[in-house]
Amino acid sequence: MTLKASFASVLRALRSKRNITQRDFADTTSRTYLSKLELGKSSITLDKLDQVSRRLELSPLTLLTLTLSEETGKPPSELVSKLQLEIAGLQQEEGLPGLRMIPEMGHQVRRLPRRARSYHELNCMQAELAFVD
C-alpha cells in the first residue's frame, strides 16, 4: 500500500466513523479534491492537512500517525514513542540550526487567543517547530 492509499484509507474511515459527508467539508475543501484524496489520486499539502484535521477535530499529527500506522503495520503508540525519542534527541542536541524548539507542555504554557480556542486547538498536544532568523 502506498502512503497516498494509506492516507485515503484513514481519511475515509475517520469521515465515516464521525458521520461526516464529503459535503460537510465544503467549508474546508472541494468535494472533488476530497474525493481525489480518498481515492489516493492526489497528495495532500500541509495547509490542507491542517484544514482537514481541523474539520475532523483531530491533530494533523494524529492523521499522519494513523496514516503511517496503516502504511507500516506498526501500532500508533510505537510510532509516537519513536517520535518522542527523536524529539528528545534533537532537544539534547539543542535542536537544529535555525530551528527553535518550543518547550514541552508543563515547561511553558502559551494561552491561545480567545477566538482561537476551538475544540481542535484545546485538545491537541503537539510539539511546535518554528524557524527563526
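Scroll up to find the structure.
Rules and cut-offs
- Along each chain, numbering runs from 1 in the same order as the chain's sequence is written.
- Owing to the predicted nature of the model, reporting of local features is limited to residues with pLDDT of at least 70; listing and counting of side-chain atom pairs is limited to 80 or more, with chain, interface and lining totals taken over all residues.
- With hydrogens and water excluded, all non-hydrogen atoms of the structure serve as input to the side-chain values.
- For the purposes of this entry, the term helix denotes a DSSP run of H or I that reaches at least four residues, the term strand denotes a run of E that reaches at least two, and both are numbered from the N terminus.
- The classification of residues rests on relative accessible area computed with a 1.4 Å probe and restricted to protein chains. Under 20% of the type maximum is buried, over 50% is exposed, and intermediate values are partly exposed.
- Any two residues having at least one pair of non-hydrogen atoms within 4.5 Å are treated as being in contact.
- For helices, the fitted axis covers only the stretch in contact; all axes are lines through C-alpha atoms, and the angles between them, taken along N-to-C directions, range from 0 to 180 degrees.
- An angle below 35 degrees is read as roughly parallel, one above 145 as roughly antiparallel, one from 65 to 115 as roughly perpendicular, and any other as oblique.
- Note on residue categories: nonpolar means Ala, Val, Leu, Ile, Met, Phe, Trp, Tyr, Cys or Pro, charged means Asp, Glu, Lys or Arg, and polar means any other residue, Gly included.
- A helix is expected to reach a length of 1.5 Å times the quantity of its residues less one.
- Under the rule applied, a polar contact is a pair of N or O atoms within 3.5 Å (in protein, one hydrogen donor and one hydrogen acceptor; residues adjacent in sequence only if both atoms are side-chain atoms).
- Should a side-chain nitrogen of Lys or Arg be within 4 Å of a carboxyl oxygen of Asp or Glu, the pair is scored as a salt bridge.
- Geometry of aromatic contacts follows a simple scheme: Phe, Tyr and Trp rings, the Trp one being its six-membered ring, pair when their centres are within 6.5 Å, and the pair is stacked under 30 degrees between planes, edge-to-face over 60, tilted otherwise.
- Whether a charge sits over a ring depends on NZ of Lys or CZ of Arg being within 6 Å of the ring centre and within 35 degrees of the ring normal.

1. Quick word on the overall build of the protein chain
Each helix and strand counted, the protein chain has six helices and two strands in total. Each helix and strand of the protein chain, placed in order from N terminus to C terminus, yields the pattern α-α-α-α-α-β-α-β. Put simply, the protein chain has 133 residues, and 28% of those count as buried. A fraction of 58% describes how many contacts in the protein chain between residues 6 or more apart in sequence connect residues 24 or more apart.

2. Topic: the packing of helix α1 (residues 3-17) against helix α2 (residues 31-38)
Where α1 meets α2, the axes come as close as 7 Å, and the angle between the chain directions of the two elements is 120°. Viewed along their axes, α1 and α2 adopt a mutual orientation that is oblique. On the side of α1, the interface is formed by Phe7, Ala8, Leu11, Arg12 and Arg15, while α2 contributes Leu34, Leu37 and Glu38. Of the residues that constitute the contact of α1 with α2, the class distribution is five nonpolar, no polar and three charged.

3. Some points on helix α5 (residues 76-92)
Here α5 spans 24 Å end to end across 17 residues, near enough to the 24 Å set by a 1.5 Å rise per residue. Just past α5, the residue Glu94 takes up positive phi, approximately 65°.

4. What to know about the side chain of Ser53
Considering the arrangement of structural elements, one finds Ser53 in helix α3 (residues 46-55). Looking at Ser53, its side chain comes within polar contact range of the main-chain oxygen of Asp50, at 2.9 Å.

5. As for the pattern of salt bridges
For the coordinates displayed, the defined rule picks out three salt bridges. Put simply, Glu86 and Lys82 hold a salt bridge, and the shortest N to O gap is 4.0 Å. On the criterion of helical spacing, the pair formed by Glu86 and Lys82 is a turn pair, its members being four residues apart in helix α5. Relative accessible area serves as the criterion here: at 45%, Glu86 is assigned to the partly exposed category.

6. Some words on the packing of aromatic side chains
Throughout the structure, instances matching the rule amount to zero aromatic pairs. Taking NZ or CZ as reference, Arg55 lies 5.9 Å from the ring centre of Phe25, over its face.

7. Notes on the packing of α3 against helix α4 (residues 60-72)
Contact geometry of α3 with α4 gives a least axis separation of 8 Å together with a crossing angle of 100°. Considering the angle they form, α3 stands roughly perpendicular to α4. Contacts between α3 and α4 involve Leu49, Asp50, Val52 and Ser53 from the first element and Pro60, Leu63 and Leu64 from the second. Partitioned by chemical class, the residues of the contact of α3 with α4 number five nonpolar, one polar and one charged.

8. Structural notes on the side chain of Thr29
Topologically, Thr29 is positioned in the loop between α1 and α2. Residue class for Thr29 comes out buried when judged on its relative accessible area of 7%. In this structure, Thr29 is in contact with Leu34 and Lys48, ignoring residues within four places of it in sequence.

9. A closer look at unusual backbone geometry
Most of the time, phi is negative for any residue but glycine, and the peptide bond is trans. With phi around 55°, Asn19 is a residue other than glycine that occupies positive phi space. Mapping Asn19 onto the fold places it in the loop between α1 and α2. Despite not being glycine, Glu57 has its phi angle at roughly 60°, a positive value. If you trace the backbone, Glu57 turns up in the loop between α3 and α4.

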